[in-house]
Amino acid sequence: MDILQLSHYLDNLLGIKEVKDSPNAMNGLQVQNTGDIKKVGLAVDLCMATIEKAITVDCNMMFVHHGMLWGGVKPIRGNFYEKVSTMMRENLGLYSAHLPLDMHPVLGNNKALADQLELYELEPFGEYGGQKIGIKGRLDRISAEGLRIKLEDKLGSPIKVIGSGEVQTIGIVSGGAADILTQAAEAGLNAYLTGEGSNHHYHEAIESQCMLILAGHYATETGGVKSVGKHLEEQFGIKTEFLDYPTGI
Ligand SMILES: [Zn+2]
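Rules used in this analysis
- Residues numbered from 1 in each chain as written.
- Predicted model: local features only at pLDDT ≥ 70, side-chain atom pairs only at ≥ 80, totals over all residues.
- Axes fitted to C-alpha atoms, helices over the stretch in contact; angles between N-to-C directions.
- Helix = DSSP H or I, 4+ residues; strand = E, 2+ residues; numbered from the N terminus.
- Parallel < 35°, antiparallel > 145°, perpendicular 65-115°, else oblique.
- Contact = placed C-beta atoms within 7 Å.
- Pairing = 2+ DSSP bridges.
- Expected span 1.5 Å × (residues − 1).
- Domains from an automatic or database assignment.
- Nonpolar A, V, L, I, M, F, W, Y, C, P; charged D, E, K, R; others polar.

Q: Please set out the packing of helix α5 (residues 109–116) against helix α9 (residues 223–236) residue by residue, giving values where relevant.
A: Between α5 and α9, whose axes approach to 7 Å, the crossing angle comes to 95°. With respect to their mutual orientation, α5 and α9 come out roughly perpendicular. Contact with α5, carried on its side by N109, A112 and L113, involves G223, G224 and S227 of α9 and no other residues of that element.

Q: I'd like to hear about the sheet that holds strand β7 (residues 160–162), residue by residue, with values.
A: Spatial ordering of the open sheet is given by β5-β6-β8-β9-β10-β7, a layout of 6 strands whose pairing is mixed. The two strands at the open ends of the sheet, each matched to only one other strand, are β5 (120–128) and β7. Going from strand to strand, the sheet's axes swing by 25° on average, the running direction of each strand aside. Relative to strand β8 (residues 166–172), strand β6 (residues 131–143) runs antiparallel, the two sharing 6 bridges. Bridge pairing in β8 places I142 opposite V167. Contacting β6, β7, β8 and β10 (211–214), helix α6 (residues 144–155) crosses the sheet at an angle of about 115° to β6.

Q: A description of helix α3 (residues 78–89) should follow, citing residues and the corresponding values.
A: Taking 1.5 Å per residue as the helical rise, α3 with its 12 residues ought to reach 16 Å, and the 16 Å between its terminal C-alpha atoms agrees with that figure. Immediately beyond the C-terminal end of α3, within one or two residues, lies N91, with a positive phi of roughly 55°.

Q: Give me the lowdown on the domain arrangement of the protein, citing residues and values where you can.
A: On domain assignment, one finds that the protein holds domain 1 (3–98 + 223–242) and domain 2 (103–221). A straight line from the C-alpha centre of domain 1 to that of domain 2 covers 27 Å. Counting residues at the interface gives 10 residues for domain 1, matched by 12 residues for domain 2. The biggest single contributor to the side of domain 1 that touches domain 2 is α9, with 5 residues. Among the residues forming the side of domain 1 that touches domain 2, the class breakdown is 4 nonpolar, 5 polar and 1 charged.

Here is the structure:
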């Protein structure tokens, strides 16, 4: 199976064409290559470090959440040149899925987080661009501190909890989606989990009495690429490897 065939499969699997996203997300195939796909490197971010890791472990394709073209149309120079030229030289292909990977009901980042928290009564939540990109659900009553410890254990990253009390209902949108806290508060949820926020979100959480949990942009977005990797192994017997490169953000 070559990269065009695999990309076509992933486009359908992830609903790439149906999901509205920033134009610079360029969801789908970003760098073509030649030959059969032997091993896929899974990464949250396309950066020089993950490209080098992919080459070291003999991947000839990468599947990432944050692709290479966020900067829009620009000259191929500097660190952008380094990335493009290295991928071309090494015949390393690239496929990227941003919002389609966050919101996928089975393989998505938010579904992975919901599973880690053992949520039930799951429903789509968190509107962005006229579509729901997150998930909400219920969990057995747990204290703010209990939830913090549980998440820290599952994600292996420091967790910041703003607010206090007990949690039974929670909304989740992975990454940098703290603005959706307002929707969680309006929906009457006890808590809202996302990756990172800004200073003003602190006051919004306290004043709206909706606990804000910041679990890290990177850490909340590792689940989706791992789920897709597992799917490709089961479906096609293609080898995959998670290329961990935490930013701490
Ligand atoms: Zn992100």
